[in-house]
Amino acid sequence: MGVSGQRRRVSLAQSIFRQSATRMPASSSNPGVPLSQTAAGRWRIPGIPNLHSHAFQRAMAGLAERQTHPQDSFWTWRETMYRFAARMDPESTHAVASQLYAEMLEAGYTSVCEFHYLHHAADGRPYADPAAMSRALIAAARDTGIRMTLLPVLYMTGGFDGRALSTRQQRFGHDVEGFLGLLQDLRSDEGALLRIGCAFHSLRAVPESAMREVLAALPAGAPLHIHIAEQIGEVQDCLSLRGARPVEWLQGNFEVDARWTLVHATHLTAAETTRLATSGATVAICPSTEANLGDGLFPLRAYLDAGGAWGIGSDSHISVSPVEELRWLEYGQRLATRQRNIAVGPGSSSVGETLLQGVLASARTATGQEGSGDYLMLDPQAPILAAARQHDVVDRWIFSGNRSVVEEVHVGGRQVVADGRHRDRDAIGTRYREVLARLLSD
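Because the structure is predicted, anything quoted here is derived from the model rather than measured.

Chemist: Just checking my understanding: could you explain the overall build of the chain for this structure?
Modeler: Helix and strand counts for the chain stand at 16 helices and 15 strands. Taking 22 Å as the expected radius of gyration for a compact globule of 442 residues, we find that the chain reaches 21 Å, a close match to that expectation. For the chain, the spread of C-alpha atoms along the three principal axes comes to 60 × 55 × 45 Å. Residues classed as buried in the chain amount to 56% of the 442 residues present. Long-range contacts, defined here as pairs at least 24 residues apart, represent 76% of the contacts in the chain between residues at least 6 apart.

Rendered as structure tokens:
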């Protein structure tokens, strides 16, 4: 697209932001979240759900930050990711995921939705146990103590035109029968901290007929996630070949309701934003990854004004911090509008409280789990919380820097982090360093 087209997109985005910014500010502060202080002065906050994760990508964080093309983008980054993914096997997947999940717990995430598409060996042939890679992730979650919603991904085609998967995509692929068999097999592993859901990689990777067949076979209430409208190129291809924008097409052809989580949904028209917000679906916003990949900014204020449900994910894990995701969700809007304190709700003038309430409100439907017994304790001795009070503690936690103040984390009633350290940090870290040395040996 030429410069004039880019200017039209920027102008539209600014118009949406300006329209949504003309609102009355909230007049009071009411957390609306279960926040309490113990007798010892610790602040207890519900655990944070991480709605979007590709665990293996944690091991390549920082390794795609050299320019490979004058117009580097998501699509050039994807080539680096494919090369790295080809090195992963069940053993390395378990080691990397264990390191990642321990880091998540230390940061305050207590559950993770693992969007998993590395199903087969690097040459595309299934392992002797076709669920070997999935079970490596399940084992990592069990070993670290994080609550998991595993989302095996259906990936069938290489584009909206139905082209075959490329050589590097072969290990992602299933036909519908094989995919449904994988889901059925994995459901036997479900337990108190594990739920098996389902994911469609994207509209470009799953034909409409396959989506309908899988949806008809899913158990009622199973969480369903999909990448959508992340990139302008994806939107343009969908318009060209399906005659509609991705979110517009999905809502025009399927009943999008509360069991759906749309990951990214970055590029929306005003009409798409309103319709999506009123559908009951959740949007998983991944601010640090979306910024790292140059995706764009989600129209947060307009979506909040329409009553939309949303949560956060760390996606490619160039950051593993709910504080950073929430902070940059707000900061992106400030940079676009040149205003402050954008994400506030009708019951609170606090940005932090509004953001925390949002991620907690969507947790049950997006993860398919109640999250009972999941909470974290903030360190009362942390300087950023000195003399903290009920009405300012959440804002101070989110907007006062990058040093973690999470002291304890409990999942399902069991403590997994004490004094800011995961119970098995040292052993997990040693194994991770050994595996990463092998992955990067050449």
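Chemist: What should I look at first to understand empty space enclosed by the protein in this one?
Modeler: One water molecule sets the probe size; rolling that probe over the atoms shows where empty space is left. Here the structure, examined in full by the defined rule, presents three cavities of 30 Å³ or more. Space inside the largest cavity adds up to approximately 190 Å³. Around the largest cavity, the lining comprises 20 residues; the ones closest to its centre are His-54, Phe-74, Trp-77, His-201 and His-227. Broken down by element, the lining of the largest cavity gets its largest block of residues, five residues, from helix H2 (residues 74–85). When grouped by side-chain class, the residues that make up the lining of the largest cavity number eight nonpolar, seven polar and five charged. Taken as a whole, the second largest cavity encloses approximately 90 Å³ of empty space. Along the walls of the second largest cavity sit His-54, Ala-55, Phe-56, Thr-93, Ala-97, Glu-114, Phe-115, His-116, Tyr-117, Leu-118 and Leu-137, which together make up its complete lining. Of all elements in the fold, only helix H3 (90–107) and strand S4 (109–116) reach the threshold of two or more residues within the lining of the second largest cavity. Residues belonging to the lining of the second largest cavity are distributed by class as follows: seven nonpolar, three polar and one charged.

Chemist: Looking at this model, I keep getting lost on the sheet that holds strand S13 (residues 406–411). Mind explaining?
Modeler: Whether parallel or antiparallel, the strands of a sheet pair through hydrogen bonds between backbone atoms. Taking strand neighbours across the sheet as the criterion, the six strands line up as S1-S2-S12-S13-S14-S15 in an open arrangement whose pairing is antiparallel. Looking at the sheet topology across the chains shown, the edges are occupied by strand S1 (36–37) and strand S15 (421–422).

Chemist: Would you take a moment to explain the side chain of Gln-369 for this structure?
Modeler: Structurally, Gln-369 is set in the loop between helix H14 (363–367) and strand S12 (375–378). Side-chain polar atoms of Gln-369 contact the backbone oxygen of Met-148, separated by 2.8 Å. Here Gln-369 is in contact with Arg-147, Met-148, Thr-149, Ala-192, Leu-193, Leu-194, Arg-195, Ala-363 and Arg-364, once residues within four sequence places are set aside.

Chemist: Can you help me understand helix H13 (residues 351–361) in this one?
Modeler: Since there are 3.6 residues in each turn of an α-helix, residues three or four apart along the chain are aligned in direction. The buried fraction of H13 amounts to eight of the eleven residues, a majority that puts the element mostly inside the structure. Those residues of H13 that sit buried are Val-351, Gly-352, Glu-353, Thr-354, Leu-355, Leu-356, Gly-358 and Val-359. Its buried side turned inward, H13 meets strand S2 (43–46), strand S3 (48–53), strand S11 (309–312), helix H12 (322–337), H14 and helix H15 (393–398).

Chemist: Before we go on, may I ask you to explain the pairing of strand S5 (residues 147–154) in this structure?
Modeler: The side chains of a regular strand alternate, first on one face of the sheet and then on the other. Of all eight residues making up S5, eight are buried, and the element is well covered by its neighbours. The alternating pattern of S5 places Arg-147, Thr-149, Leu-151 and Val-153 on one face and Met-148, Leu-150, Pro-152 and Leu-154 on the opposite face, and all of these are buried. Bridge count between S4 and S5: six bridges; the pairing is parallel. Pairing of His-116 across the sheet is with Pro-152, part of S5. Traced from S4 through helix H4 (residues 132–144) to S5, the parallel crossover comes out right-handed. Where S5 lies against strand S6 (residues 194–196), three bridges are found, and the strand directions are parallel. Across the sheet, Leu-150 pairs through a bridge with Ile-196, a residue of S6. Bridge analysis of S5 against strand S7 (residues 198–200) gives two bridges, and the strand direction is parallel. Looking at S7, one finds that Leu-154 is bridged to Phe-200.

Rules used in this analysis
Residues numbered from 1 in each chain as written. Predicted model: local features only at pLDDT ≥ 70, side-chain atom pairs only at ≥ 80, totals over all residues. Heavy atoms only, no water. Helix = DSSP H or I, 4+ residues; strand = E, 2+ residues; numbered from the N terminus. Rg over C-alpha atoms; globule rule 2.2 N^0.38 Å. Buried < 20%, exposed > 50% of the residue type's maximum accessible area, 1.4 Å probe, protein only. Contact = heavy atoms within 4.5 Å. 1 Å grid on protein atoms, 1.4 Å probe; cavity = no way out; pocket = protein on both sides within 12 Å on 5 of 7 lines; lining within 4 Å. Points joined across faces, edges and corners; volume = space filled by probe spheres on them. Nonpolar A, V, L, I, M, F, W, Y, C, P; charged D, E, K, R; others polar. Pairing = 2+ DSSP bridges. Polar contact = N/O pair within 3.5 Å; in protein donor to acceptor, adjacent residues only side chain to side chain. Right-handed = clockwise from strand over helix to strand, strands pointing away.

Scope: geometric values only; no functional claims are made or implied.
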